[in-house]
Amino acid sequence: DAGITQSPRHKVTETGTPVTLRCHQTENHRYMYWYRQDPGHGLRLIHYSYGVKDTDKGEVSDGYSVSRSKTEDFLLTLESATSSQTSVYFCAISEPYQEGTQYFGPGTRLLVL
Amino acid sequence: GQQLNQSPQSMFIQEGEDVSMNCTSSSIFNTWLWYKQDPGEGPVLLIALYKAGELTSNGRLTAQFGITRKDSFLNISASIPSDVGIYFCAGDLRTSGTYKYIFGTGTRLKVLA
């Protein structure tokens, strides 16, 4: 299994509060991604990073920000959580110039009340 | 945005039967990936395809990268109860030199013993 961990694994929060999710990898892969998964929508890309301090938006980036200060860590922040952000969040990593494949973490289940 | 059309959405089959599912897109992809997701887990990579026309097997699973580079299929032979889960296809979309992956909405497989 690829060395990807996510924390926390579960979180319940209230509308309007800030939330930060962490993804940590031990594979030294250059690319890291944040997805959300909702019934009927599959996996949708929120933000991704192609190197330290290099990030870009995905298809559902509104209301989310990211930071990557080290190769191994990629943080996803909900500045002011809303109920529509209740979802399961997955982190993924890839090293396109070696394999072109993508590996997923175990997920974080977030409930915004 | 970009979309992958994955079909069927769900299927019920008898144990021992063969299964086939496919993904199509209006875009050309450089890599096709097939994942399986069990409840409460992250997607796990099953097969990666890198060249048009490539046919790759992983045990009872066989996948092919379409000649047009716009489609792929996954076959499962002699299904068993543990094949139950959601299967996702994904294609890598290289834009401006960065790597993003687009996912299908999944095929939910249920195997009847």
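Since we're looking at a predicted model, the values are computed, not measured.

What counts as what
- Residues numbered from 1 in each chain as written.
- Chains lettered and ligands numbered in written order.
- Predicted model: local features only at pLDDT ≥ 70, side-chain atom pairs only at ≥ 80, totals over all residues.
- Heavy atoms only, no water.
- Contact = heavy atoms within 4.5 Å.
- Buried area = accessible area lost by both parts, 1.4 Å probe.
- Salt bridge = Lys/Arg side-chain N within 4 Å of Asp/Glu carboxyl O.
- Polar contact = N/O pair within 3.5 Å; in protein donor to acceptor, adjacent residues only side chain to side chain.
- Helix = DSSP H or I, 4+ residues; strand = E, 2+ residues; numbered from the N terminus.
- Nonpolar A, V, L, I, M, F, W, Y, C, P; charged D, E, K, R; others polar.
- Pairing = 2+ DSSP bridges.
- Axes fitted to C-alpha atoms, helices over the stretch in contact; angles between N-to-C directions.
- Disulfide = S-S within 2.5 Å.
- Buried < 20%, exposed > 50% of the residue type's maximum accessible area, 1.4 Å probe, protein only.

J.: Tell me about the interface of chain A and chain B, and please be specific about residues and values.
T.: Between chain A and chain B, the residue contacts involve 26 residues of the former and 20 residues of the latter. Roughly 1700 Å² is buried in total at the junction of chain A and chain B, and carbon and sulfur atoms are behind 57% of that figure. Contact with chain B buries area across many residues of chain A, yet A:L43, A:Q102 and A:F104 alone supply 24% of it, more than any other trio. Across the contact surface, chain A and chain B share 0 salt bridges. Seen at the junction of chain A and chain B, the total is 2 residue pairs in polar contact (both at pLDDT 80 or more). Counting only elements with at least two residues in the side of chain A that touches chain B, the list comes to β4 (31–38), β5 (42–51), β9 (87–94) and β10 (102–104) of chain A. Counting residues per element, the side of chain A that touches chain B draws most heavily on β5(A), which supplies 5 residues. Each residue belonging to the side of chain A that touches chain B can be placed in one class, and the counts come to 13 nonpolar, 9 polar and 4 charged.

J.: So, unusual backbone geometry: which residues are in play, and what are the values?
T.: For the bond running from A:S7 to A:P8, omega is -10°, close enough to zero to count as cis. As for its position among the elements, A:P8 is in the loop between β1 (4–7) and β2 (10–13). Of note, the amide linkage connecting B:S7 to B:P8 takes the cis form, showing an omega dihedral of -5°. Assignment of secondary structure puts B:P8 in the loop between β1 (4–7) and β2 (10–14). At B:R69, a position not held by glycine, the phi torsion is positive, near 65°.

J.: Account for the sheet that holds strand β7 (residues 64–70) of chain A, naming residues and giving values.
T.: Residues and elements named next belong to chain A. Strand order in the open sheet made by the 4 strands is β1-β3-β8-β7, with antiparallel pairing throughout. The open sheet terminates on both sides in strands that have one partner only, identified here as β1 and β7. Between one strand and the next, the sheet's axes are offset by a mean angle of 20°, whatever the strand orientation.

J.: Before we move on, could you go through the pattern of salt bridges and cite the residues and values that matter?
T.: Oppositely charged side chains may form a pair once their charged atoms are brought near each other. Residues and elements named next belong to chain A. Here the structure, examined in full by the defined rule, presents 6 salt bridges over all chains. Of the charged contacts in the structure, one is a salt bridge between D38 and R36, with a shortest N-O distance of 2.8 Å. Here D73 ties to K70 by a salt bridge, and the two come within 3.3 Å at their closest N and O atoms. Overlapping salt bridges, with partners in common, bring together R22, K70 and D73 in one network.

J.: An account of the side chain of B:D92 is requested, with residue identities and associated values reported.
T.: Residues and elements named next belong to chain B. Examined against the element boundaries, D92 turns out to sit in strand β9 (residues 85–95). For D92, the side chain forms a polar contact with the side chain of T31, separated by 2.7 Å. Beyond its immediate stretch of four places on either side in the chain, D92 contacts F29, N30, T31, Y99, K100 and Y101.

J.: Tell me about the sheet that holds strand β8 (residues 71–76) of chain B, and name the residues and values.
T.: All names here are of chain B. Spatially, the 5 strands line up as an open sheet ordered β1-β3-β8-β7-β6, and their pairing is antiparallel. The strands lining the two open edges of the sheet, one partner per strand, are β1 and β6 (55–58). Direction aside, neighbouring strands of the sheet carry axes that sit 15° apart on average.

J.: Please provide a residue-by-residue account of the state of the cysteines, values included.
T.: Under the defined criterion, the tally for this structure stands at 2 disulfides over all chains. Paired through a disulfide, A:C23 and A:C91 show a sulfur-sulfur distance of 1.9 Å. With the S-S dihedral at roughly -70°, the linkage between A:C23 and A:C91 falls on the left-handed side. Here A:C23, found in strand β3 (residues 19–25), pairs with A:C91, found in strand β9; they are 68 residues apart in sequence, far enough to count as distant. Neither A:C23 nor A:C91 differs from the other in exposure class; each is buried. Between the sulfur atoms of B:C23 and its disulfide mate B:C89 the distance is 1.7 Å. Every disulfide takes its handedness from the sign of the S-S torsion; for B:C23 and B:C89 that torsion is -85°, giving left-handed.

J.: If you had to explain the pairing of β5(A) to someone new, which residues and values would you point to?
T.: All names here are of chain A. Of all 10 residues making up β5, 9 are buried, and the element is well covered by its neighbours. Bridge analysis of β4 against β5 gives 7 bridges, and the strand direction is antiparallel. Bridge pairing links Y35 to L45 in β5. From the end of β4 to the start of β5, which pair antiparallel, there are 3 residues, and G40 there has a positive phi angle of about 85°. Between the antiparallel neighbours β5 and strand β6 (residues 54–57) lie 2 residues, among them K53 with a positive phi of about 65°.

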